[in-house]
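Report on the structure
Listed here are the chains, written in short residue letters.
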Amino acid sequence: MKSDIASLFRSVSIAAAGLAILLAGCGGSNLPSNANGSAQPGAITEYNLGVSSTNIPLSIAKGPDGNLWFTDNAPDIGRITPNGTVSEFTQGFGKLTRTEDITAGPDGNLWFTDGATNSIGRITPSGVVTEFSSGISAYAGIRFITAGPDGNLWFTEVGADKIGRITPSGVVTEFSSGISSHAGLADITTGADGNLWFTESGLDRIGRITPSGVVTEFATGISPNAYPYRIAAGPDGNIWFTEPEDSGIGRITPGGTVTEFHSGIAPYSGLGAIATGSDGNLWFTESNADQIGRITPSGVVTTFSYTLPDRASPFDITPGPGGDMWFTMPGVDEIGRITV
């Protein structure tokens, strides 16, 4: 059910907000334009044709083929071209599969998490699916996945308090030493320092793991009950993360110094994913407020929203071909693009 979508990772409620939108395939409205006729930053386009109404678009990533690939919380993976043409791949999945997070791998394929079957999946650009479960702890609670600096894929296991690593051939290694119990492991990303950085929502910490498996946890400077959630490497060499319970965005240096930014972020806006854009800023989703936000490396926030009360609940966001940001809207079964 649509009301259950965010419970996969955390609960959100829905509200509406204001600006302009073009609904691809369903008519449109005037968007702000520059003198040359191109859309100004913040112009939003929605794509809904080709996305099955029974699916719930969750995570999205730029693929090696120049398209965007997204998970559906169903036994399939979706692909959308830069012009908005959607294809859905359903062959090769188990009946119980629920595709969740997705990332481009170093091997030219897409890799995704499947918490329902406790496995990691791989899909080629042509749609051939393989799923791997050997070596993954029972009831691991697999959540997010990212390409590592070592040519492997790394993922979090909230149920097992472990970080997993899987090679392109499917060999899994799990790391638990140095990770506190009940950490609430969530998102993971590769930093500019050549390490993996991850959020510990349950303990209000940020973790760092080296490619060899050495873990360090950082808590100083993070507000109590902030719930660090999604995380991304920033354009400034630091790591940035969202704090949905504290309505803030955090920045941590490779040495562990944390700065939090709250100005310009509305309380209870439902901060979700964050990603670096082609403009040298970071872009993030606000599910409760139906908004996309942008924060500069110095901490200046701008939010972009629209007037249609369609309860879109933007969830994940990623840079796409052409420099714009693409995001999922699980509340309305749509993929969005915002001009950078």
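Residues numbered from 1 in each chain as written. Predicted model: local features only at pLDDT ≥ 70, side-chain atom pairs only at ≥ 80, totals over all residues. Heavy atoms only, no water.

Secondary structure assignment for the protein yields zero helices and 29 strands. For the protein, buried positions account for 56% of its 340 residues. For the protein, the exposed area adds up to about 12,300 Å²; of that, 51% sits on carbon and sulfur atoms. (Helix = DSSP H or I, 4+ residues; strand = E, 2+ residues; numbered from the N terminus. Buried < 20%, exposed > 50% of the residue type's maximum accessible area, 1.4 Å probe, protein only. Areas by Shrake-Rupley, 256 points an atom, 1.4 Å probe, with all protein chains shown as cover.)

Turning to the packing of aromatic side chains, a few remarks are in order. Summed over all chains, the structure comprises 10 aromatic pairs. Relative to tyrosine 229, the ring of phenylalanine 144 lies with its centre 6.2 Å away and its plane at 80°, an arrangement referred to as edge-to-face. Of this pair, phenylalanine 144 sits in strand β11 (residues 142–147) while tyrosine 229 is found in the loop between β18 (215–218) and β19 (231–233), placing the two residues 85 residues apart along the sequence. Under the relative-accessibility criterion, phenylalanine 144 is labelled buried at 0%. Taking 5.6 Å as the distance between ring centres and 10° as the angle between the ring planes, the aromatic pair formed by tryptophan 240 and phenylalanine 261 counts as stacked. With tryptophan 240 in strand β20 (residues 239–243) and phenylalanine 261 in strand β22 (residues 258–261), the pair connects residues that are 21 residues apart, well separated along the chain. The exposure class assigned to tryptophan 240 is buried, which follows from its relative accessible area of 0%. Grouping aromatic residues by their ring pairs yields a cluster made of Phe144, Tyr227 and Tyr229. (Phe/Tyr/Trp six-rings, centres within 6.5 Å; stacked < 30°, edge-to-face > 60°.)

Under the defined criterion, the tally for this structure stands at five salt bridges. Arginine 337 is the salt-bridge partner of aspartate 324, the closest N and O atoms lying 3.7 Å from each other. Taken together, the positions of aspartate 324 in the loop between β27 (317–319) and β28 (325–329) and arginine 337 in strand β29 (residues 334–338) put the pair 13 residues apart, joining distant regions of the chain. Accessibility expressed as a relative area gives 16% for aspartate 324, which makes it buried. (Salt bridge = Lys/Arg side-chain N within 4 Å of Asp/Glu carboxyl O.)

Below, the discussion takes up the nonpolar core. Trp283, Ile292, Ile317, Met325, Phe327, Met329 and Ile338 are the most contacted members of the largest nonpolar core, which has 14 residues in total. Elements with a contribution of two residues or more to this core: β23 (271–276) and β28. By residue number, the principal contributor to this core is β28, which donates three residues. Excluding residues within four positions of it along the chain, isoleucine 338 makes contact with Gly42, Ala43, Ile44, Trp283, Ile292, Phe304, Asp324, Met325 and Phe327. (Core = buried A, V, L, I, M, F, W, Y, C linked by side-chain atoms within 4.5 Å. Contact = heavy atoms within 4.5 Å.)

Here we come to the environment of alanine 43. Examined against the element boundaries, alanine 43 turns out to sit in the loop between β1 (21–24) and β2 (44–47). In this structure, the C-alpha to C-alpha distance between alanine 43 and threonine 339, residues 296 residues apart in sequence, is 5.3 Å.

A few words on the sheet that holds strand β12 (residues 153–157). Pairing is antiparallel across the open sheet formed by four strands, whose spatial order is β11-β12-β13-β14. Each of the sheet's edge strands pairs with one partner strand only, and the pair in question is β11 and β14 (172–175). Strand-to-strand twist across the sheet, computed as the mean angle between neighbouring axes with direction ignored, equals 25°. With five bridges connecting them, β12 and strand β13 (residues 162–166) associate as antiparallel partners. Each residue of the ladder has a partner; that of glutamate 157, found in β13, is lysine 162. (Pairing = 2+ DSSP bridges. Axes fitted to C-alpha atoms, helices over the stretch in contact; angles between N-to-C directions.)

On to the pairing of strand β21 (residues 248–252). Along β21, five of the five residues are buried, which leaves the element largely enclosed by surrounding structure. Here β21 shows no split at all, with Gly248, Gly250 and Ile252 on one side and Ile249 and Arg251 on the other all buried. For β20 and β21, the ladder comprises five bridges, and the chain directions are antiparallel. Across the sheet, the residue bridging to phenylalanine 241 is glycine 250, located in β21. Between the antiparallel neighbours β20 and β21 lie four residues, among them serine 247 with a positive phi of about 50°. Here four bridges tie β21 to β22, and the two strands are oriented antiparallel to one another.

Geometric descriptors of this kind do not, in isolation, establish any biological role.
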